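The chain contents come next:
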Amino acid sequence: MSVPNRVPLLALVSFLMISAVVYGEKLKKDVSYDARSLIIKGKRDLFFSGSIHYPRMPPEMWGDILRKAKEGGLNVIQTYVFWNIHEPVKGQYMFEGNYNLTKFIKMIGDHGMYATLRVGPFIEAEWSHGGFPFWLREVRNITFRSDNPPFKYHMKKFTKMIIDMMKDARLFASQGGPIILSQIENEYNTVQLAFRELGTRYVHWAGTMAVGLKTGVPWVMCKQKDAPDPVINTCNGRNCGDTFTGPNKPNKPVLWTENWTAQYRVFGDPPSQRTAEDLAFAVARFFSKDGTLANYYMYYGGTNFGRCGSSFVTTRYYDEAPIDEYGMLREPKWGHLRDLHSALRLCRKPLLWGNPSVENLGPNLEARIYTNNKSKTCAAFLCNNNTRIAATVTFRGIKYFLPRYSISILPDCKTVVYNTQTIVSQHSSRNYQKSEIANKGLQWEMSKEAIPTLNGSSIKSPTPLEHWSTTKDTTDFLWLTTSIKLDRFDLPFRKNMLPVLQIASLGHLMHGFVNGEYIGTGHGTNIEKSFVFQKPITLNPGINQISLLSATIGLPDSGVYLERRYAGIRRVAIQGLNTGTLDISNNGWGQKIGLDGEKVQVFTRGGSNAVQWIKTRGSGEALTWYKTYFDAPEGNEPLAIELATMSKGMVWINGKSIGRYWVSYLNPIGRPSQAVYHIPRAFLNPTRNLMVIFEEIGGNIDGVQILTTNRDIICSFITENHPPRVNTWKRLDSVIHTVLEDTRKSATLICHDNKEIVNVEFASYGNAFGACGNYNLGNCSAPNSKKIVEQYCLGKAKCSVPFHQDIFDKEGKLCPNIPKTLAIQVQCGKK
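Residues numbered from 1 in each chain as written. Predicted model: local features only at pLDDT ≥ 70, side-chain atom pairs only at ≥ 80, totals over all residues. Heavy atoms only, no water.

An unreviewed UniProt entry lists the chain under the name Beta-galactosidase, with Melia azedarach as the source organism.

Chemist: Please clarify how the overall build of the chain should be interpreted in this entry.
Modeler: Regarding its fold elements, the chain presents 15 helices and 46 strands. Taken over C-alpha atoms, the radius of gyration comes to 31 Å for the chain, in line with the 28 Å a tight globule of 831 residues would show. With the C-alpha coordinates of the chain rotated into their principal frame, the extents come out at 95 × 85 × 70 Å. A burial count over the chain gives 58% of its 831 residues as buried. (Helix = DSSP H or I, 4+ residues; strand = E, 2+ residues; numbered from the N terminus. Rg over C-alpha atoms; globule rule 2.2 N^0.38 Å. Buried < 20%, exposed > 50% of the residue type's maximum accessible area, 1.4 Å probe, protein only.)

Chemist: Please clarify how the environment of alanine 210 should be interpreted in this entry.
Modeler: Tracing the backbone through its elements, the reader meets alanine 210 in helix α7 (residues 197-211). Alanine 210 gets classed as buried once you look at its relative accessible area, which sits at 0%. Taking C-alpha positions, alanine 210 is 9.0 Å from valine 231, a pair spaced 21 residues apart along the chain. Excluding residues that lie within four positions of it along the chain, alanine 210 makes contacts with Ile184 and Trp219. (Contact = heavy atoms within 4.5 Å.)

Chemist: Honestly, the side chain of arginine 56 in this entry has me stumped. Any pointers?
Modeler: Mapped onto the elements of the fold, arginine 56 is located in the loop between β4 (47-51) and α2 (59-71). Buried charged residue arginine 56 carries no salt bridge. Nearest counter-charge: glutamate 126, at 5.6 Å. (Lys, Arg positive; Asp, Glu negative; His and termini not counted. Salt bridge = Lys/Arg side-chain N within 4 Å of Asp/Glu carboxyl O.)

Chemist: Explanation requested: helix α5 (residues 149-168) in the structure shown.
Modeler: The periodicity of an α-helix, 3.6 residues per turn, causes residues three or four places apart in sequence to face the same way. Relative to the 28 Å expected for 20 residues at 1.5 Å per residue, α5 spans 28 Å between its end C-alpha atoms, a close match to the ideal helical length. Phe151, Lys152, His154, Met155, Phe158, Thr159, Met161, Ile162, Ile163 and Met166 are the residues of α5 that are buried. For α5, the N-terminal capping position is held by asparagine 148, with its side-chain oxygen 3.0 Å away from the main-chain nitrogen of phenylalanine 151. Within two residues after α5, arginine 170 carries a phi angle of roughly 55 degrees, on the positive side. (Expected span 1.5 Å × (residues − 1). Polar contact = N/O pair within 3.5 Å; in protein donor to acceptor, adjacent residues only side chain to side chain.)

Chemist: So what exactly am I meant to see when it comes to the confidence of the model for the chain here?
Modeler: For residues with low pLDDT, the predicted coordinates do not support detailed interpretation. For the chain, the mean per-residue pLDDT works out to 94, and 96% of the residues sit at or above 70. Ignoring residues within four places in sequence, the model shows residues 1-26, a span with pLDDT below 50, making three contacts including any to other chains. (pLDDT = per-residue confidence, 0-100.)

Chemist: How should I be thinking about the side chain of glutamate 563 in this particular structure?
Modeler: Note that glutamate 563 resides in the loop between β27 (542-551) and β28 (569-577). The buried category is assigned to glutamate 563, whose relative accessible area is 8%. Polar contacts involving the side chain of glutamate 563 include one to the side chain of arginine 564, which spans 3.4 Å. Those residues in contact with glutamate 563 that lie beyond four places of it in its chain are Arg137, Ile142, Thr143 and Phe144.

Chemist: Would you mind going over the environment of proline 363 with me for this structure?
Modeler: Mapped onto the elements, proline 363 comes out in the loop between β12 (355-362) and β13 (365-372). Judged by its relative accessible area of 75%, proline 363 falls in the exposed class.

Chemist: Would you explain unusual backbone geometry in this entry?
Modeler: Apart from glycine, the bulk of residues carry a negative phi angle, and the bulk of peptide bonds sit in the trans form. Residue proline 121 is reached from glycine 120 by a cis peptide bond, and omega for that bond is 0 degrees. By the secondary structure assignment, proline 121 is in the loop between β6 (114-120) and α5. For the bond running from tyrosine 297 to methionine 298, omega is -5 degrees, close enough to zero to count as cis. Positive phi outside glycine occurs at lysine 41, with the angle close to 50 degrees. Among the secondary structure elements, lysine 41 is positioned in the loop between β2 (38-40) and β3 (43-44). The phi torsion at glutamate 187 lies on the positive side, around 50 degrees, for a residue other than glycine. Inspection of the secondary structure assignment puts glutamate 187 in the loop between β7 (179-184) and α6 (189-195).

Chemist: What's the story with the sheet that holds β2 in this structure? I'm lost.
Modeler: Backbone-to-backbone hydrogen bonds join strands into a sheet, with any given pair of strands oriented parallel or antiparallel. One open sheet holds the three strands; their spatial order is β1-β2-β3, and the pairing between them is antiparallel. At either end of the open sheet lies a strand with only one pairing partner, and these are β1 (31-33) and β3. Two strands pair when backbone bridges link them, and β1 and β2 are joined in this way by three bridges, in the antiparallel orientation. The residue of β2 that forms the bridge with tyrosine 33 is leucine 38. (Pairing = 2+ DSSP bridges.)

Chemist: Would you explain the pairing of strand β8 (residues 219-222) in this entry?
Modeler: Within a regular strand, side chains alternate between the sheet's two faces. Residues Trp219 and Met221 line one face of β8 and the alternating positions Val220 and Cys222 line the opposite face, and both faces are buried. With two bridges connecting them, β7 and β8 associate as parallel partners. Bridge assignment links glutamine 183 to a residue of β8, and that residue is valine 220. With three bridges connecting them, β8 and strand β9 (residues 232-237) associate as parallel partners. Paired with cysteine 222 across the two strands is threonine 234, which belongs to β9.

Chemist: Would you explain the state of the cysteines in this entry?
Modeler: Note on terminology: a disulfide is the covalent bond linking the sulfur atoms of two cysteines. In this structure the tally under the stated criterion is six disulfides. Between the sulfur atoms of cysteine 715 and its disulfide partner cysteine 772 the distance amounts to 2.0 Å. Here the S-S torsion is close to 70 degrees, and the disulfide linking cysteine 715 with cysteine 772 is therefore right-handed. Taken together, the positions of cysteine 715 in strand β38 (residues 705-719) and cysteine 772 in the loop between β43 (769-771) and β44 (774-776) put the pair 57 residues apart, joining distant regions of the chain. For the pair cysteine 715 and cysteine 772, one class covers both residues: buried. Between the sulfur atoms of cysteine 780 and its disulfide mate cysteine 815 the distance is 2.2 Å. Taking the torsion about the S-S bond as the criterion, the cysteine 780 to cysteine 815 disulfide, at about 120 degrees, is right-handed. Taken as a pair, cysteine 780 in the loop between β44 and α14 (785-793) and cysteine 815 in the loop between α15 (805-808) and β46 (821-830) lie far apart in primary sequence, 35 residues in all. Sequence-ordered numbering of the bonded cysteines in the chain gives a disulfide pattern of 1-2, 3-4, 5-7, 6-12, 8-11, 9-10. In this model cysteine 222 remains outside any disulfide bridge; the closest cysteine sulfur is found in cysteine 235, 9.5 Å from its own. Sulfur of cysteine 383: no disulfide; nearest cysteine sulfur belongs to cysteine 347 and is 12 Å away. (Disulfide = S-S within 2.5 Å.)

Chemist: So what exactly am I meant to see when it comes to the pattern of salt bridges here?
Modeler: Oppositely charged side chains can pair when the atoms bearing their charge come close. Under the definition given, this model contains 41 salt bridges. Between aspartate 45 and arginine 348 there is a salt bridge, and its shortest N-O distance comes to 3.1 Å. Residue aspartate 45 is located in the loop between β3 and β4, and its partner arginine 348 is located in helix α11 (residues 348-353); the two are separated by 303 residues in the primary sequence. Using a relative accessible area of 25% as the deciding quantity, one classes aspartate 45 as partly exposed. Here arginine 145 ties to glutamate 185 by a salt bridge, and the two come within 2.7 Å at their closest N and O atoms.

Chemist: Sorry, what's going on with the pairing of strand β39 (residues 729-732) here?
Modeler: Going residue by residue along β39, you find Trp729 and Arg731 tucked away on one face and Lys730 and Leu732 left uncovered on the opposite face. Of the pairings in the sheet, the one linking β39 to strand β40 (residues 735-738) comprises four bridges and is antiparallel in character. The partner of lysine 730 across the bridge, within β40, is histidine 737. Once β39 ends, the chain turns through two residues before running back antiparallel as β40, passing aspartate 733 with a positive phi of about 55 degrees.

Chemist: Honestly, the nonpolar core in this entry has me stumped. Any pointers?
Modeler: Most often, soluble globular proteins keep nonpolar side chains buried together rather than apart. Core analysis: the biggest nonpolar cluster contains 123 residues, and Phe104, Ile105, Ile162 and Leu340 have the highest contact counts within it. Residue contributions to this core peak at eight residues, all from helix α9 (residues 276-288). Those residues in contact with isoleucine 105, other than ones at most four positions away along the chain, are Thr79, Ala115, Leu117, Met166, Leu171, Pro178 and Ile179. Formed by 52 residues, the second largest nonpolar core is a distinct cluster that contains Phe603, Tyr626, Trp652 and Ile679. (Core = buried A, V, L, I, M, F, W, Y, C linked by side-chain atoms within 4.5 Å.)

In structure tokens form, the structure reads like this:
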């Protein structure tokens, strides 16, 4: 090429390089903070965040869950990083499938949202071992989470690897990616005092180490008052608007990293929930008191697949979250919070740039006001902190009704666009239906797990070995076997007297077998893991085999000295012999790690051919494997399996574990903590899906059913005190305007998943009461209520029924002295 032709080419290359650099700079989002807010690209903002954990769902669900989170008004997604799934074996890493952290963070950005990366690497999270890999506890001279050189070495190594991975993928906001915050450690204050100076030095080392990784975005520490600068200390809890003492430096913003949307469950727990009204009050309170970021923990409930849950935690995680375990919207929680986010965004200018003040409106009553004289904007939060009594207050010459324990949001200090106690969004009820296709002709086969004897055990020891140090957390199960020789003079002479096998265990659970026969099961609780097992047994003259199957339900996830926790059998004795109590703890024991079925992977197609199967039905014995095949259920609704007739075990679908079940462990009200378990559709093939169940205690296999689940029952409940929907309003400069011509309040109902309203099951304009799925007529109801609602709603995917006397009671004669409500329940179905 001649020189004259080369000059334009060089100029073109130079121009393209400069353009690329300029474009890259535009993509970058510099993140800093001041006392009022995080600052992204020089701008303050309000941040509504939700915790969504990538390993608690298959990747096929990620997009749908993120889309629903954004539609719910979120602009930030928070996730932990789970060390033990990413480095299960020292130096061997796993970042594929639903462990693909990079893909998940990229997808958050693709949905137009920011991300908070909680590296930890201690996370708690009701996750086995708090996220620590088991090999870490076997590092010589290690003490977790203290100023301990071995621990700090491995912690820094993993943290740096994750940060470098995010940098290489250009995922920090400083590189144009979605990550605007990172977290180091997690609620360290709960253990810090136990380590004394070693704890104080460690937490400062951790913060300094993290900042030194130079991500270009701020770091946070939750529940850590002494977080070292420039790390931001944040709040975790249910009511951080009142309980948080604030940042430890005046230049740091007020952040809430965990607002608990429900209560995770452990086996043995009764039902519990947190209402949408209580959640909304807490969030509105937080933002009314200088809050700038609130994160819902959890926003999507998720599933503890396989063996990932911590001690005694159920397979269903935060099912009461705004998006439930199956990925469906839990109404009214999802919709009520979505409306709250919209109302707070209408207050954005005064909240971020206004001056705060407080006005006392009476006992337990106050107005929290933000005024910006420059932009002539004003927002007010009228608070009724009385948990029992409603009130009417006068604010700036106007009377406002405040329901008990509620906050009304006035984005212009005049107009109520939202009240935390009055839910305008719809309600829903979750329903399960037996799948005709999946349950058609289920043919069950069974295979018994062999009961080992002392001679068949591979590991010998004088006394029973500790459970976790033996199994290395490769399985829930450890066999312990011994044999004793008795003659007839050792045994009781009376037929009505039997010896008793007594076993003291550090937990969590144990199944006992004598001479190959199942004698019973004992277990601890989440509060007290240890237990004493006592059962009468039949012994014979000669050699008697005692086989004990020790089992655990996840590793602990919190507290000091996690590396020193123990489990399993510690003492075994036989009471009631003619020679007295015989302690056989030192009798010589054999150990066998895991089950035969686990070793051949009987739950896979290939492994299932390694054992003999026989046809079965009805009730079965302890330690039984069951298998069957089924076709994918009809439709595209989420799936579940009903296990109420079983006891304890695990289920695999096409080789993938959907988690531990334990329906025989009843809670204080006499019910299992969880009887229905999530089967992701992503685990299925169109036909011939292999399902394998391992039952530990015994159950009726005929009662197992595959279900489809939906939220096709939707409702609305509106009173005279409800404001119009928040999307009625918008802000133009400093003034709140109406968007719709008709600003009257209405009952709005929306069917999802391409469905329409096929039936009006209940409708009453009067004084109906109850809850969605269980409404009842009061003593006052317009007789034409159902007909009117049908005219507005039947055959439509969305409808709004005005709450107005002219529609239901034109003459105004209906119960004139009774406050009116409009209660509607409809069923959605396929068009």
